[in-house]
Amino acid sequence: VRRAYDYSCAMCGVRFVVDDVILVDAAHLIPFAESHDDSPSNGMALCKNHHWLMDRHLIAPGPSRGNDYSAPIWLISPLLDDRLEAHRACLEYKGRRVILPREERHYPSPRALAWRANRLWT
C-alpha cells in the first residue's frame, strides 16, 4: 500500500523517506479484524496524524457528489470545530479529492470507501 501511494499521505501528500524511515502507514479502510483483507484496494497510505483521525472516525474518504466512488473526496466529521486551530487544519481538506495511487488497480474499492464513510462521526 505504501509503495502504491509512493510513500505519500493520501490526504495531505506529505512524503518523508530517509533510508528505511517512512512517515506514512498502510491504513486499512475496513479493519483487518473485520475484513481479513490486506489488499491495496482495502487500504491507503496515510501519515500518522491522518491515520489516527481516520481510525477514530473523524475523517473518512468517501464518494464525491452523486455518490461517485471513482473520484473519492475527504469527508470530515461535523464534530470538528473551525474555531480550534488544530481542527481547522483538518477542515481545510473537506471536499478535497483523495490523492490516489498511480495504478487504478490499487484504488480503494467502493465497498471499503462506503464502509469508512458510513462510520464517520456525525
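(A) Molecular detail of the pattern of salt bridges. Scanning the model with the defined rule gives six salt bridges in all. For Asp6, the salt bridge goes to Arg102, with nearest N and O atoms at 3.8 Å. A residue pair is termed long-range when its members are at least 10 positions apart, and Asp6 in the segment before strand E1 (17-18) and Arg102 in the loop between helix H3 (85-91) and helix H4 (110-117) qualify at 96 residues. Here Glu103 ties to Arg105 by a salt bridge, and the two come within 2.5 Å at their closest N and O atoms. Taking the relative accessible area as the measure of exposure, Arg105 reaches 63% and is therefore exposed. In this structure, a network of salt bridges that share partners links the residues Asp6, Arg15 and Arg102.

(B) Geometry of a nonpolar patch on the surface. A cluster of nonpolar side chains, Val14, Phe16, Val18, Val21 and Leu23, forms an exposed patch at the surface whose accessible area comes to about 370 Å². By the element assignment, Val21 lies in strand E2 (residues 21-22). Using a relative accessible area of 45% as the deciding quantity, one classes Val21 as partly exposed.

(C) Expanded view of the side chain of Ser8. Within the secondary structure, Ser8 is located in the segment before E1. Discounting residues that sit within four places of it in the chain, Ser8 has contacts with Gly13, Val14, Arg15, Val24 and Ala45.

(D) Quick peek at the pairing of strand E5 (residues 59-64). Taking burial as the measure, the six residues of E5 include six buried ones, the bulk of the element. Alignment of E5 against strand E6 (residues 68-76), held across five bridges, turns out to be antiparallel. Bridge pairing in E6 links Ser64 to Asp68. Between the end of E5 and the start of E6, which pair antiparallel, lie three residues, with Gly66 showing a positive phi angle near 80°.

(E) Helix H2 (residues 48-55), seen in detail. When H2 is considered as a whole, its buried residues turn out to be His50, His51, Leu53 and Met54. In an axial view of H2, the angular spread of the buried residues amounts to 165°, which keeps them on one side of the axis. Where H2 is buried, its residues touch strand E3 (24-28), strand E4 (43-47), E5, H3 and H4. With its phi angle positive at about 65°, His57 sits one or two positions after the end of H2.

About the cut-offs
Residues numbered from 1 in each chain as written. Predicted model: local features only at pLDDT ≥ 70, side-chain atom pairs only at ≥ 80, totals over all residues. Heavy atoms only, no water. Salt bridge = Lys/Arg side-chain N within 4 Å of Asp/Glu carboxyl O. Helix = DSSP H or I, 4+ residues; strand = E, 2+ residues; numbered from the N terminus. Buried < 20%, exposed > 50% of the residue type's maximum accessible area, 1.4 Å probe, protein only. Patch = residues over 30% accessible without salt bridge, like charges linked within 9 Å, V, L, I, M, F, W, Y side chains within 5 Å. Areas by Shrake-Rupley, 256 points an atom, 1.4 Å probe, with all protein chains shown as cover. Contact = heavy atoms within 4.5 Å. Pairing = 2+ DSSP bridges. Arc of directions from axis to C-beta.

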